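Working through the structure, step by step
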Amino acid sequence: MRSRLYSFFFLFILIVSCGPKAIAPVNSRVAMVKFDNQAGVLEVWLSSFISALGSHQVQDLILVDDAEGVRQSGVGRVITGRFSKTSKGIRIEARIANATTTAILGSFDSEVSEGELTQTTSRMLEALLGVKTKPEADAKAWVEYAKALAGNELASFVSSHPGFAPAYPVLSRLLIQQGKREEALALVGKFPASGDAYSRAQLSIAVAGNGPERLKALSELASFRKGDPALQLEMAQMAAGIGDWAQAAAYYRELARIEPTKPDWWNSLGYAEANLGKLDKAVEALNEYRRLAPNEANPIDSLGEVNYTNRKFAEAARYFEEQARRYPTFQNGAGLRKAAFARYYAGDGKAADLHFDSWLKQVSPNAVAFQSAMWLARTKRGAEAKALLSKANATLQLAMLEFGLEGKRPSNELLQQISKDAGSSKNELAIFALMVEPRDIEVRISRVVPQPQLAQLRQELLTAARELYGPQPIEKTKLFPLPNAADGPLDALLLRKRIAVLP
């Protein structure tokens, strides 16, 4: 009987070893789903305990709530588990699986008392992840911390445990959510001198403002959370937002390394490199984007845009023409308009006009005269532009164009006349009347458009006012500005500032 049993076991091992090989995780990153509570309402703190201690000991562990969180995190491995009450205390069951195939990669099962939870959670992480965790000095404090989290008593806990550093960033975020920013900032001065660097970095993030201060704090945290795409993305977006394209390119390059099959990172890297004037690297990144998304219009459009902004107009035109031909409805046909500008600056005015005329066919009939006049004005045919609007009896648009081209301010009589005839153009008239009077322009814009829901419009008007009436830049930008998808009132008013002069 024994020999038959061993023969069967050997055969089973042979079949398994000769079967199809398990698919390896797509990457080594790991997320932990909030553990399932099967121990009753009194033990809800256990989920907080395992999550808080786990992320403190394995700092690049990504905490998620459910399967959707796992999917969005893009990790290769996922830890799931549950805890329950037993006669001996608490049973913790956990497993780590391939996030894509759900194949089990390892498991852990242990029954412990409350006093053994800290050490047992560390052993669980070591068993599942193959890492070495650092022993916690105060195991009891971790249990009390988790109970305070579950009971919304974190402030009291920090008062009674001033040396427990991991609680400070969590409390600071809570205070800021409650509108108590000053109290949150005060925690920075109270942070224990013996506190760990990871908790200090998290606290810096929690209280940081926007711009360079937050970017610096994010960089400090990134040194602990290597390979966290969400963190890298926030840093990249912030760096781009403040115009630090060198840092933005570095962060997007790291994102492309972490998730090389995600097209978005290659697209963003291409634009960051283009803003640095590194067209070759931009095209290289965007060609990878195109390889990953071969049936999409945007990679072709992006290649056109980076060539255009770096003054390679003939190359840009070819990409825009390809995009318009293959994907004519993309961005409402904007590729034809972009191709028109690219051909014009490449020196082919005839092809430019043909592309623009093709684009005009999809424009509302009410807007054709204005868009045509703006095209003529942008391509240095101002007299023809004014004649076209005059013939169309477009008094308001003509006044805008004359202001934009010549700085000619309308008389009060003309404004009154336009006001009577404005009809559906009253919003355009209001913008025109506001912008052509330079006195206290920024104060008046803030007073006329105070509503929070109109913050974007207010910012656009303020930006335009500074461009209109601010000092001329000492040096021309190396990058060439892309045209808008269609022209509006502000584009007409800013014509003198935006008609490019090529070197």
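Everything numeric in this text was worked out from a predicted model, so none of it was measured.

Quick look at the layout of surface pockets now. Computed from the structure, the largest pocket encloses a volume of approximately 840 Å³. Contributing to the lining of the largest pocket are 29 residues, with Ser 55, Leu 63, Val 170, Arg 173 and Gln 202 lying nearest its centre. Breaking the lining of the largest pocket down by element, the ones donating at least two residues are helix 2 (45-57), strand 3 (62-64), helix 5 (139-150), helix 7 (167-177), helix 9 (197-207) and helix 11 (229-241).

Bringing unusual backbone geometry into the picture now. Phi at Thr 102 takes a positive value of approximately 65°, unusual for a residue other than glycine. Relative to the helices and strands, Thr 102 is located in the loop between strand 5 (89-98) and strand 6 (104-112). With phi around 55°, Asn 332 is a residue other than glycine that occupies positive phi space. On the secondary structure map, Asn 332 appears in the loop between helix 16 (313-326) and helix 17 (334-345).

Per-residue confidence for the protein gives a mean pLDDT of 90, with 92% of residues at or over 70. Note that pLDDT drops below 50 for residues 1-20; the model gives that stretch zero contacts with residues more than four away or on any other chain.

Turning to the nonpolar core, a few remarks are in order. One finds Phe 35, Phe 49 and Met 124 to be the most contacted residues of the largest nonpolar core, which totals 45 residues. Those residues in contact with Met 124, other than ones at most four positions away along the chain, are Phe 35, Ile 50, Ile 92, Ala 94 and Phe 108. Leu 215, Ala 217, Met 235 and Leu 255 belong to the second-largest nonpolar core, a separate cluster that totals 38 residues.

A two-sided burial pattern is seen for strand 1 (residues 30-33), the buried positions comprising Val 30 and Met 32 on one face and Ala 31 and Val 33 on the other. Taken together, the three bridges between strand 1 and strand 3 define a ladder with parallel strand orientation. Each residue of the ladder has a partner; that of Met 32, found in strand 3, is Leu 63.

With that settled, the discussion passes to the pattern of salt bridges. A full pass over the atoms with the stated rule returns 26 salt bridges. Lys 147 serves as the salt-bridge partner of Glu 114, at 3.3 Å between the closest nitrogen and oxygen. Of the two residues, Glu 114 sits in the loop between strand 6 and helix 4 (117-129) while Lys 147 sits in helix 5, which places them 33 residues apart along the sequence. Look at Glu 114 and you get partly exposed, because its relative accessible area is 36%. You can call Lys 147 partly exposed: its relative accessible area is 35%. Its salt-bridge partner being Lys 408, residue Glu 402 comes within 3.8 Å of it at the nearest N-O pair. A relative accessible area of 46% places Lys 408 in the partly exposed class. Connected through salt bridges with shared partners, the residues Arg 82, Arg 91, Glu 93 and Asp 109 form a single ionic network.

With that out of the way, let us pick up the packing of aromatic side chains. With the rule as written, the count across this model stands at 19 aromatic pairs. Ring centres 5.1 Å apart and planes at 50° place the aromatic pair Tyr 145 and Phe 164 in the tilted group. Taken together, the residues span a long stretch of sequence, with Tyr 145 in helix 5 and Phe 164 in the loop between helix 6 (154-160) and helix 7 at a distance of 19 residues. Like Tyr 145, the residue Phe 164 is buried in the burial classification. Ring geometry for Phe 356 versus Trp 359: centroids 5.3 Å apart, planes at 45°, classification tilted. On the criterion of helical spacing, the pair formed by Phe 356 and Trp 359 is a turn pair, its members being three residues apart in helix 18 (residues 349-360). Put simply, the rings of Tyr 308, Phe 313, Phe 341, Tyr 344, Tyr 345, Phe 356, Trp 359, Trp 375 and Phe 480 pair up and form one aromatic cluster. Over the aromatic face of Trp 359 sits the side chain of Arg 337, whose NZ or CZ is 5.0 Å from the ring centroid.

Right, let's talk about helix 16 for a bit. Structural remark: α-helix, 3.6 residues per turn; residues separated by three or four positions point the same way. In this model helix 16 runs 20 Å from its N-terminal to its C-terminal C-alpha over 14 residues, within 8% of the 20 Å that 1.5 Å per residue would give. Listed in full, the buried residues belonging to helix 16 are Phe 313, Ala 316, Ala 317, Tyr 319, Phe 320, Glu 322, Gln 323 and Ala 324. Residues of helix 16 that are buried make contact with helix 14 (279-292), helix 15 (298-309) and helix 17.

When the terminal C-alpha atoms of helix 11 are compared, their 18 Å separation across 13 residues agrees well with the 18 Å that a helix rising 1.5 Å per residue should span. Every buried residue of helix 11 is listed here: Pro 229, Leu 231, Gln 232, Met 235, Ala 236, Met 238 and Ala 239. The secondary structure elements touched by the buried residues of helix 11 are helix 3 (67-73), helix 10 (212-222) and helix 12 (245-258). The opening residue of helix 11 is Asp 228, an N-cap whose side-chain oxygen sits 3.1 Å from the backbone nitrogen of Ala 230. Directly beyond the C-terminal end of helix 11, a positive phi value near 80° is found at Gly 243.

Right, let's get into the environment of Gly 470. You can see Gly 470 is positioned in the loop between helix 25 (455-469) and helix 26 (489-493). With residues near it in sequence (within four places) discarded, Gly 470 still touches Ala 465 and Lys 497.

With that settled, consider the environment of Lys 262. Tracing the sequence through the fold places Lys 262 in the loop between helix 12 and helix 13 (263-275). What makes Lys 262 partly exposed here is its relative accessible area of 33%. Separated by 93 residues in sequence, Lys 262 and His 355 have C-alpha atoms that sit 33 Å apart.

Both strand 5 and strand 6 contribute to a ladder of eight bridges, which runs antiparallel. Residue pairing in the sheet places Ala 97 in a bridge with Ile 104 of strand 6. The loop that links strand 5 with its antiparallel partner strand 6 comprises five residues; one of these, Thr 102, has a positive phi angle of about 65°.

Rules used in this analysis
- Residues numbered from 1 in each chain as written.
- Predicted model: local features only at pLDDT ≥ 70, side-chain atom pairs only at ≥ 80, totals over all residues.
- Heavy atoms only, no water.
- 1 Å grid on protein atoms, 1.4 Å probe; cavity = no way out; pocket = protein on both sides within 12 Å on 5 of 7 lines; lining within 4 Å.
- Points joined across faces, edges and corners; volume = space filled by probe spheres on them.
- Helix = DSSP H or I, 4+ residues; strand = E, 2+ residues; numbered from the N terminus.
- pLDDT = per-residue confidence, 0-100.
- Contact = heavy atoms within 4.5 Å.
- Core = buried A, V, L, I, M, F, W, Y, C linked by side-chain atoms within 4.5 Å.
- Buried < 20%, exposed > 50% of the residue type's maximum accessible area, 1.4 Å probe, protein only.
- Pairing = 2+ DSSP bridges.
- Salt bridge = Lys/Arg side-chain N within 4 Å of Asp/Glu carboxyl O.
- Phe/Tyr/Trp six-rings, centres within 6.5 Å; stacked < 30°, edge-to-face > 60°.
- Lys NZ or Arg CZ within 6 Å of the ring centre and 35° of its normal.
- Expected span 1.5 Å × (residues − 1).
- Polar contact = N/O pair within 3.5 Å; in protein donor to acceptor, adjacent residues only side chain to side chain.

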